[in-house]
Amino acid sequence: MKIIELKIPNLKCMGCVNTVHSNLKKMDGVVNVDSNLSTKTTVVEYDENIVTPEAMVKTLGSIGYPVE
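Residues numbered from 1 in each chain as written. Predicted model: local features only at pLDDT ≥ 70, side-chain atom pairs only at ≥ 80, totals over all residues. Heavy atoms only, no water.

### Topic: the environment of Cys-13
Thinking step 1. Within the secondary structure, Cys-13 is located in the loop between β1 (2-7) and α1 (14-25).
Thinking step 2. By relative accessible area, which is 36% here, Cys-13 ends up partly exposed.
Thinking step 3. Sequence separation of Cys-13 and Leu-60 is 47 residues, and the distance between their C-alpha atoms is 16 Å. (Helix = DSSP H or I, 4+ residues; strand = E, 2+ residues; numbered from the N terminus. Buried < 20%, exposed > 50% of the residue type's maximum accessible area, 1.4 Å probe, protein only.)

Structure, rendered in structure tokens:
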């Protein structure tokens, strides 16, 4: 398992957090998702043999949450 921290500037409320979490958790290989609104970061634990950070970034960008 690997862990990545994603900086998501559009992470502004709990609704945003829920949207980000639900979309990431739908992805095969994503094990755990945790966000911090004050730092606008999301930490994702994932299986690097199944999903890539690039795929996560692409998914988030497609729903209006681009990653810095």
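### Quick look at the nonpolar core
Thinking step 1. Ranked by internal contacts, the top residues of the largest apolar core, which has 17 residues, are Ile-8, Val-20, Leu-24, Val-30, Val-44, Met-56 and Leu-60.
Thinking step 2. Those elements that place two or more of their residues in this core are β1, α1, β2 (30-36), β3 (41-46) and α2 (53-62).
Thinking step 3. If you tally residues by element for this core, the top one is α1, at four residues.
Thinking step 4. When near neighbours in sequence (up to four residues on either side) are disregarded, Leu-24 contacts Val-30, Val-33, Thr-42, Val-44, Met-56 and Leu-60. (Core = buried A, V, L, I, M, F, W, Y, C linked by side-chain atoms within 4.5 Å. Contact = heavy atoms within 4.5 Å.)

Worth remembering: the numbers are spatial, not functional.
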